[in-house]
Amino acid sequence: MTTTRDPDRPGRLLRVERETLLPLLRHTPPTAFELPTACPDWTVRELLAHCGAALLRIIEGRLPAFTPEHNAADVAERADWPIGRILDELEFGMTEAGPAIEAADGALDVIALGEWVHAGDVREALGLPGAYESLGTSDAIALLATVSQERLTPRVCAITPHGDWVLGNVVDGRAAAELSCDEGTLIRMYTGRPVAPERYRLAGASREELVIYR
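Let me sum up the structure you'll find in this document. It should be emphasised that the depicted structure is a prediction, and the values quoted were computed from it without experimental measurement.

A separate point is the pattern of salt bridges. Evaluated as defined, the whole model comprises 17 salt bridges. Asp 6 is the salt-bridge partner of Arg 12, the closest N and O atoms lying 2.9 Å from each other. A relative accessible area of 26% means that Arg 12 is categorised as partly exposed. Between Arg 78 and Glu 77 there is a salt bridge, with the nearest N and O atoms lying 3.6 Å from each other.

Set out below in structure tokens:
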């Protein structure tokens, strides 16, 4: 399916994770926050610190940001925070950042998508099923369809169990690639997360061409 921009979509993604992920994290054993994640060199705790800090930057208008240097500094600043404080900041960000992202007229939508993907990274690290298939999956793929165009990935017609999607851009002299997989695998492929080869069929493009985060 093709998509048009829904200005509330980024905020909805954040609110979904606030209502589903945050309650789970508040009942997670402290040792679990030291588990490694799909993001190199970041534990669950550090990844959550990054997510809360990024949303706070948006709320406070401290932009541009989100370079590796900014991200590392934000995580280091929160190194001695108790986990409750990290979760409080993340909950605040997920509650308040939506209007600021909406006001940016699309320029910050990719951040909301990234926050949702990172929530999947956390679920994956904690060993929870369906890590990248939460209640916000349809909104996330709709945002991904737009971001995949902005990041100049090639045109892909994706067939998933709950709908078909058109992602990326038409390339002169090249037919659209075809991808068949479930929604969680689609998210994994476009965000560079590990995925088993038997989980998808891709023709006309390479996996590396699809990745939006580099």
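Looking now at helix H1 (residues 9-25). Over its 17 residues, H1 extends 23 Å from the first C-alpha to the last, a length consistent with the 24 Å expected when each residue adds 1.5 Å. If you look at H1, its biggest bend is around 35°, right at Arg 18. Those residues of H1 that sit buried are Arg 9, Pro 10, Gly 11, Leu 13, Leu 14, Glu 17, Arg 18, Leu 21, Leu 22 and Leu 25. If you follow the buried residues of H1, they end up packed against helix H2 (44-60), helix H4 (83-103), helix H5 (109-125) and helix H6 (137-150).

Time to look at the packing of aromatic side chains. Counting across every chain of the model gives zero aromatic pairs. The ring of Trp 81 carries the charged tip of Arg 85 above its face, separated from the ring centre by 3.7 Å.

Pairing is mixed across the open sheet formed by four strands, whose spatial order is E2-E1-E3-E4. For this open sheet the edge positions go to strand E2 (163-167) and strand E4 (200-203), each flanked by a neighbour on one side alone. The mean angle between the axes of side-by-side strands here comes to 15°, regardless of whether they run parallel or antiparallel. The sheet strands contacting helix H7 (residues 183-191) are strand E1 (156-160), E2, strand E3 (177-181) and E4, and the helix crosses E3 at an angle near 130°.

So, about the nonpolar core. Formed by 55 residues in total, the largest nonpolar core has its most connected members in Leu 48, Leu 113, Leu 144, Leu 179, Leu 186, Ile 187 and Tyr 190. The element best represented in this core is H5, accounting for nine residues. Excluding residues within four positions of it along the chain, Leu 113 makes contact with Leu 13, Ala 140, Leu 143, Leu 144, Val 147, Ile 212 and Tyr 213.

Turning our eyes to something else, we now look at the pairing of E2. With burial as the criterion, only one face of E2 is covered, namely that bearing Gly 163, Trp 165 and Leu 167; the residues Asp 164 and Val 166 on the opposite face remain uncovered. Bridge analysis of E1 against E2 gives five bridges, and the strand direction is antiparallel. Counted as the bridge partner of Val 156 is Leu 167 from E2. The antiparallel pairing of E1 with E2 creates a hairpin that spans two residues between the two strands.

Side-chain alternation along E3 places Ala 177, Leu 179 and Cys 181 on a buried face and Glu 178 and Ser 180 on a face that remains uncovered. Sheet analysis places E1 next to E3, joined by four bridges and oriented parallel. What sits directly across from Ala 158, in E3, is Leu 179. As defined by bridge partners, E3 adjoins E4 across four bridges and the pair is classed as antiparallel. Considered in E4, the bridge of Leu 179 is made with Leu 202.

Rules used in this analysis
All residue numbers refer to positions counted from 1 along the written sequence of the respective chain. Predicted model: local features are reported for residues with pLDDT of at least 70 only, side-chain atom pairs are reported and counted for 80 or more only, and whole-chain, interface and lining totals are derived from all residues. Heavy atoms throughout the structure, all of them, feed into the side-chain values; hydrogens and water do not. The term salt bridge refers to a side-chain nitrogen of Lys or Arg lying within 4 Å of a carboxyl oxygen of Asp or Glu. Residue burial is assigned from relative accessible area. The probe radius is 1.4 Å, only protein chains are included, and a residue is buried under 20% of its type maximum, exposed over 50%, and partly exposed in between. Helix and strand definitions follow DSSP, with helices as H or I runs of at least four residues and strands as E runs of at least two, each counted in order from the N terminus. Expected span of a helix: the number of residues minus one, times 1.5 Å. Two axes define the bend at a residue: one fitted to the seven residues ending there, one fitted to the seven starting there, and the bend is the angle between them. Contact between two residues is taken to exist if any of their heavy atoms lie within 4.5 Å; hydrogens are not considered. Pairing of aromatic rings covers Phe, Tyr and Trp, the last counted by its six-membered ring, and requires centre-to-centre distances within 6.5 Å; plane angles under 30 degrees mean stacked, over 60 mean edge-to-face, and any other angle means tilted. Charges are assigned to positions over rings by a cutoff of 6 Å between ring centre and Lys NZ or Arg CZ, combined with an angular limit of 35 degrees from the ring normal. Strands qualify as paired when DSSP identifies two bridges or more between them. The axes used here are C-alpha line fits, helices contributing only the stretch in contact, and every angle between their N-to-C directions lies in the interval 0 to 180 degrees. In these notes, a set of buried Ala, Val, Leu, Ile, Met, Phe, Trp, Tyr and Cys residues joined through side-chain atoms within 4.5 Å is what counts as a nonpolar core.

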